[in-house]
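Commentary on secondary and tertiary structure
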Amino acid sequence: MVRESEIRAGELAVDAPKPNHAGLVYIGRIRTPWTSRMETPRQGRHDGPVCRLEIFEPWVAGLKDLDLYKHLEVIYWLHLSRRDLVLQSPKNDGNARGIFSLRTPVRPNPLGTSMVKLVGIEGATVLVRGLDCLDETPLLDVKPDRCEFTPLAPPQPGDFQTE
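Computed from a predicted structure; not experimentally measured.

Quick notes on the rules
Residues numbered from 1 in each chain as written. Predicted model: local features only at pLDDT ≥ 70, side-chain atom pairs only at ≥ 80, totals over all residues. Heavy atoms only, no water. Helix = DSSP H or I, 4+ residues; strand = E, 2+ residues; numbered from the N terminus. Contact = heavy atoms within 4.5 Å. Areas by Shrake-Rupley, 256 points an atom, 1.4 Å probe, with all protein chains shown as cover. Lys, Arg positive; Asp, Glu negative; His and termini not counted. Charge placed at Lys NZ, Arg CZ, Asp CG, Glu CD. Pairing = 2+ DSSP bridges. Axes fitted to C-alpha atoms, helices over the stretch in contact; angles between N-to-C directions. Buried < 20%, exposed > 50% of the residue type's maximum accessible area, 1.4 Å probe, protein only. Salt bridge = Lys/Arg side-chain N within 4 Å of Asp/Glu carboxyl O. 1 Å grid on protein atoms, 1.4 Å probe; cavity = no way out; pocket = protein on both sides within 12 Å on 5 of 7 lines; lining within 4 Å. Points joined across faces, edges and corners; volume = space filled by probe spheres on them. Nonpolar A, V, L, I, M, F, W, Y, C, P; charged D, E, K, R; others polar. Polar contact = N/O pair within 3.5 Å; in protein donor to acceptor, adjacent residues only side chain to side chain. Patch = residues over 30% accessible without salt bridge, like charges linked within 9 Å, V, L, I, M, F, W, Y side chains within 5 Å.

1. Here's the deal with the overall build of the protein
- Scanning the protein from terminus to terminus reveals zero helices and nine strands.
- In terms of overall dimensions, the protein has C-alpha extents of about 50 × 45 × 30 Å along its principal axes.
- At a minimum sequence separation of 6, the contacts of the protein that also span at least 24 residues come to 79%.
- Element-wise, carbon and sulfur atoms account for 53% of the exposed surface of the protein, whose accessible area totals about 10,400 Å².
- A distance of 3 Å separates the average location of the 21 positive side-chain charges in the protein from that of its 22 negative side-chain charges.

2. With respect to the sheet that holds strand β8 (residues 125-129)
- Read around the closed barrel, the six strands follow the order β2-β3-β8-β7-β4-β9; overall the barrel is antiparallel. Each strand axis lies, on average, 45° off the axis of its neighbour in the sheet, ignoring direction.

3. A word on the pairing of strand β5 (residues 85-88)
- Alignment of strand β1 (residues 12-13) against β5, held across two bridges, turns out to be antiparallel. Counterpart to A13 in the pairing with β5 is L85.
- Relative to strand β6 (residues 97-98), β5 runs antiparallel, the two being bridged by two bridges. Considered in β6, the bridge of Q88 is made with R97.

4. What about the environment of P17?
- Relative to the elements of secondary structure, P17 occurs in the loop between β1 and β2 (28-31).
- Owing to a relative accessible area of 71%, P17 belongs among the exposed residues under this scheme.
- Note: C-alpha distance between P17 and P108 (91 residues apart in sequence) is 9.1 Å.

5. Remarks on the pattern of salt bridges
- One pass over the structure, following the stated rule, counts eight salt bridges.
- One salt bridge connects E54 with R52, and the closest N-O pair in it is separated by 3.1 Å.
- Residues D65 and K64 are paired through a salt bridge, measuring 3.1 Å at the closest nitrogen-oxygen approach.
- Overall, D65 belongs to the partly exposed group, its relative accessible area being 39%.
- Judged by relative accessible area, which is 64%, K64 ranks as exposed.
- Look at the salt bridges and you will find they share partners, linking R29, R52 and E54 into a network.

6. What about the layout of surface pockets?
- Looking at the second largest pocket, its volume works out to about 260 Å³.
- Lining the second largest pocket are 15 residues; nearest its centre among them are G62, L63, L66, D141 and V142.
- Among the elements that take part in the lining of the second largest pocket, strand β9 (residues 137-144) stands out by supplying three residues, more than any other.
- Its residues assigned to classes, the lining of the second largest pocket comprises 11 nonpolar, one polar and three charged.

7. Details of the environment of R29
- In this fold, R29 is placed in strand β2.
- Taking the relative accessible area as the measure of exposure, R29 reaches 30% and is therefore partly exposed.
- Considering only alpha carbons, one finds R29 and D135, 106 residues apart in sequence, at a separation of 8.4 Å.
- Leaving out residues up to four positions away in the same chain, R29 has contacts with R52, L53, E54, F56, E136, T137 and L139.
- Within polar-contact distance, the side chain of R29 engages the side chain of E54 at 2.7 Å.

8. Structural notes on a nonpolar patch on the surface
- A surface patch of nonpolar side chains, amounting to about 200 Å² of accessible area, comprises L12, V14 and L87.
- On the secondary structure map, L12 appears in strand β1.
- A relative accessible area of 39% means that L12 is categorised as partly exposed.

What follows is the structure in structure tokens.
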């Protein structure tokens, strides 16, 4: 993982195009114990510290029935990540890999995702274990784990398509 603004042997930075506004809305903020990338875990653990998803109004009502699930997918914006590296050397050994073959936070659109364990819900705050992001990371979305979720709507033709 690239630390701070370092460019290692074998890595390639490009002149990234100016971002277009995709219309994203932050639905909340994530509270974790980590304030530096140097101390943040590379992958979250379900036995890691309890972290908080603080949901903003008017989205709090959307938490209804979230407690039906044991695991959630949390999607967040890695707001402090650089966006210009296309080759990275995660082992810092000069052997670079393309960013799309890595789970690095350094990417053109710095979206982070974590599969977390739901600990509880306290008002507008969702308590989870398994995050790997900095304190005050902007929250984009929360979804039930797709393995635990069964669609509630009637089936449609595409649901049954195979090769």
